[in-house]
Amino acid sequence: MLQWFQRLMPRQNVFFPAFERHAAVMVKAAVALREMVAGGDQLKSRFQEILDLEHEADGIARDVLLGLRTTFITPFDRSDIKSLITSMDDSVDQCKATAKAIMLFEMTKFEPDMRNLANAVVECSERASRGVLMLADVGKNATALNEICLQITRIEGDADDAYDRGLELLYQKVKGGDALEFIRGSEIYKHLEDAVDKLDDVADEIQGIVIEHV
């Protein structure tokens, strides 16, 4: 009987620790990506780190989705939980996709705005991670959560500017020369911008939970 009642109780011991673990992986993947974009002799080791982190993130996401199927009462709407963990997992997947593009195109030198975008990925991941941890008490943390989401949106806007500026400078640098260099660079720029966008999606999911529960 006790076990039956426990199944009816909100399973914060299932979901919030999983969110916390995934948020930590999300930040580590972003930091490893930034270190790749810094260049140097750490590209291969950081690439492998990101692959390992993406595998870890997938496992955590599966645990959360399994928890949704086996838990009667959840702390949030089931669709909110699924959307949140999916958006977090997508952000790690995009770090992996960006890292793979860097290795595929044999990039070893990176433009200043590429580094700016990589910094934005880390800044957004850190804020998104803090926001995810605050979801354990949405009512108490609503104001702080709204501010975090606004900060991520502002960083994402600045990242868009860095993307546009970087592409323009790259074109001016290589026009009349090596077209492949522009293709390589533009692909990396796009992947980095997408990585920021995926974290903005996490912020959107956090914002949606705040709106529904406050």
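(A) Here's a closer look at the environment of Leu180. Within the secondary structure layout, Leu180 lies in helix α7 (residues 179–213). For Leu180, a relative accessible area of 48% puts it in the partly exposed group.

(B) View of the nonpolar core. Formed by 68 residues in total, the largest nonpolar core has its most connected members in Phe19, Ile102, Leu135 and Ile206. Within the residue set of this core, elements represented by two or more residues are α2 (12–37), α3 (43–70), α4 (78–104), α5 (112–134), α6 (138–174) and α7. Excluding anything up to four places from it in sequence, Phe19 contacts Val64, Phe76, Ile81, Leu84, Ile85, Met88 and Val132.

(C) Main features of the pattern of salt bridges. Scanning the entire structure with this criterion turns up nine salt bridges. Salt-bridge contacts for Glu35 lead to Arg46; the nearest nitrogen and oxygen are separated by 3.4 Å. In this pair, Glu35 sits in helix α2 while Arg46 sits in helix α3, placing the two residues eleven residues apart along the sequence. Looking at Glu35, the relative accessible area reads 28%, which means it is partly exposed.

(D) Highlighting the side chain of Ser91. Among the secondary structure elements, Ser91 is positioned in helix α4. Discounting chain neighbours no more than four positions away, the residues touching Ser91 are Met26, Lys198 and Leu199.

(E) Geometry of the confidence of the model for the chain. Looking at the chain as a whole, the pLDDT averages 92, with 94% of positions reaching at least 70. Mean pLDDT across the elements of the chain ranges from a minimum in helix α1 (residues 2–8), with 43, to a maximum in α5, with 98. The low-confidence segment residues 1–11, where pLDDT is below 50, has ten contacts with residues more than four positions distant or belonging to other chains.

What counts, and where the lines are drawn
Residues numbered from 1 in each chain as written. Predicted model: local features only at pLDDT ≥ 70, side-chain atom pairs only at ≥ 80, totals over all residues. Heavy atoms only, no water. Helix = DSSP H or I, 4+ residues; strand = E, 2+ residues; numbered from the N terminus. Buried < 20%, exposed > 50% of the residue type's maximum accessible area, 1.4 Å probe, protein only. Core = buried A, V, L, I, M, F, W, Y, C linked by side-chain atoms within 4.5 Å. Contact = heavy atoms within 4.5 Å. Salt bridge = Lys/Arg side-chain N within 4 Å of Asp/Glu carboxyl O. pLDDT = per-residue confidence, 0-100.

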